[in-house]
Amino acid sequence: MSLPSRAEVVVVGAGLAGLSAATRLAAAGRDVHLVDAAEHAGGRLATSRVDGFLVDRGFQVLNTGYPRVADLDLPALDLGWFWTGAVVRVDGRAHRFVDPRQHPTALPATLRTPLGGPHRLAALGAFSARAGYAPVSRLLTAPERSAAEHLRSAGVGEQALETFLRPFLAGVLLEDRLETSSRYLDLVWRSFVRGRVGLPARGMQSVGEQLAGRLPAGRVHLGTRVTAVDGRSVTTGAGTTVADAVVVATDPDTAAGLLPGLQAAAPRQVTTHLHVLPASPWQAPLIVLGAPGGQLVNTVVVSDAQPAYSPDGRALVASSTLSPTREAGVRTEIARTHDVAETDLEHLTTVTVLGAQPAATPPLQHRRPVDLGDGLFVCGDHRDTPSIQGAMASGARTARAVLRRLSRSAAPASDRGPA
Ligand SMILES: Cc1cc2nc3c(=O)[nH]c(=O)nc-3n(C[C@H](O)[C@H](O)[C@H](O)COP(=O)(O)OP(=O)(O)OC[C@H]3O[C@@H](n4cnc5c(N)ncnc54)[C@H](O)[C@@H]3O)c2cc1C
């Protein structure tokens, strides 16, 4: 169904930010239309089927430690869980480093992981306790520096930094210099301390589709690219829709093109190679980290956490690198990391995402303005933090700002405050 010529609100972009804004506006009784250039709702959370396997567009997970996950119906997503922790390789040997609160039986193996000794593990525990349980206001006002400086000053030591923290965080922050803001690192680490990470049974795209399903019929317009906006209208190839408020909820680059003057942070990229193995080589659903000096940041048997990703019980492996790589260039490293023969790895597909998430280097601009004035609004992970949490939180903030504007403009002129 095409966009009408008139709507109360048009949201441009059906990623998690636009969906969060649109569902809140619809729940408040507003006449809202959501438009997206792609053929699916969910934006960067995209999933396709390749030879029966569920393939997310780049390895990503849903972290239940994110506050905005409260907006989702988690049971309906039917999540399969990873253990919190990772397999780390030291001198070629694999060690399971696991959060003992969730898996007490893994404690002896965790304590034996050579990450610099008990005092370094204690420092990591203290770092985790602060990030996990200090008030967010304290984390966001602490002196800001790079993530690497922050971890060093917490006393975690070089061994833990190089063999565990750097590759683990590189997979999350999509950069391995650890130049990301210490404040964002605290927020990310908080989510790991407080939550679990999992994959939905129908793939990551189903997170967005769940939100899209809450909008009234005929309000989501897919396959429709917006070419221009202002606070009163949205233009697509099919014509112009006049609106009281327009929300730009696209990726940062497109937002900067549609909204002159808006700055887009540098994009992070990732390449993910998908392979099939006859069976999983591991006993537990854990992220396996790349070794220092290698190209892989991690390589993960995703079907160990979520068996529904495989149609036939074979193991689906997602292996990620930060710079673009060819499958042939990392195949040996993937096989070595999982202790399997190269010939056992059947290459399924490779995905490179150039604008996977915006950088969050210091100074962290958490909660950038979303109300641009004159009926024009902007939301997306680039307004809050480069994550599912950031996208959803910015959508929620923007919905509140739109509702404020609509109620102001509906009030009699004598009741209106300054614009
Ligand atoms: C490979 C990868 C791994 C990631 N890993 C994680 C992770 O583990 N945990 C985590 O929290 N986050 C992760 N992220 C980041 C997270 O997915 C994003 O921060 C979040 O999904 C961004 O949502 P958004 O709504 O801001 O933007 P988007 O999802 O980019 O949505 C923007 C939408 O706008 C649409 N659009 C663009 N231009 C136009 C136009 N002209 N007209 C109409 N529509 C348009 C797009 O089609 C898109 O649907 C990862 C991202 C990737 C790609």
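Cut-offs applied
- Residues numbered from 1 in each chain as written.
- Predicted model: local features only at pLDDT ≥ 70, side-chain atom pairs only at ≥ 80, totals over all residues.
- Heavy atoms only, no water.
- Pairing = 2+ DSSP bridges.
- Helix = DSSP H or I, 4+ residues; strand = E, 2+ residues; numbered from the N terminus.
- Axes fitted to C-alpha atoms, helices over the stretch in contact; angles between N-to-C directions.
- Contact = heavy atoms within 4.5 Å.
- Domains from an automatic or database assignment.
- Buried area = accessible area lost by both parts, 1.4 Å probe.
- Salt bridge = Lys/Arg side-chain N within 4 Å of Asp/Glu carboxyl O.
- Polar contact = N/O pair within 3.5 Å; in protein donor to acceptor, adjacent residues only side chain to side chain.

Considering the sheet that holds strand 18 (residues 346-358)
- In spatial order, the strands read 8-7-15-16-17-14-18; together these 7 strands make up an open sheet with mixed pairing. Because the sheet does not close on itself, it has two edges, and the strands there are strand 8 (93-98) and strand 18. For this sheet the average axis-to-axis angle between neighbouring strands, irrespective of direction, equals 25°.
- When strand 15 (residues 287-289) meets strand 16 (residues 296-301), the two strands line up antiparallel, connected through 3 bridges. Within the sheet, the bridge partner assigned to Leu289 lies in strand 16 and is Asn298.
- On the sheet, helix 7 (residues 158-173) packs against strand 7 (85-90), strand 8, strand 14 (267-277), strand 15, strand 16 and strand 18 and is oriented at approximately 130° with respect to strand 7.
- Lying over the sheet, helix 12 (residues 327-338) contacts strand 7, strand 14, strand 15, strand 16, strand 17 (315-321) and strand 18, oriented at roughly 60° with respect to strand 16.

Side note on the domain arrangement of the protein chain
- You can read the domains of the protein chain as domain 1 (6-46 + 204-265 + 363-415), domain 2 (79-111 + 196-201 + 267-358) and domain 3 (115-194).
- Averaged C-alpha coordinates put domain 1 and domain 3 at centres separated by 33 Å.
- Listed by partner, the interface residues are 6 residues for domain 1 and 6 residues for domain 3.
- Note on domain 1 versus domain 3: buried area summed over both sides is about 450 Å², and carbon and sulfur give 71% of it.
- Remark: the boundary between domain 1 and domain 3 carries 0 salt bridges.
- The interface formed by domain 1 and domain 3 includes 1 residue pair in polar contact (both at pLDDT 80 or more).

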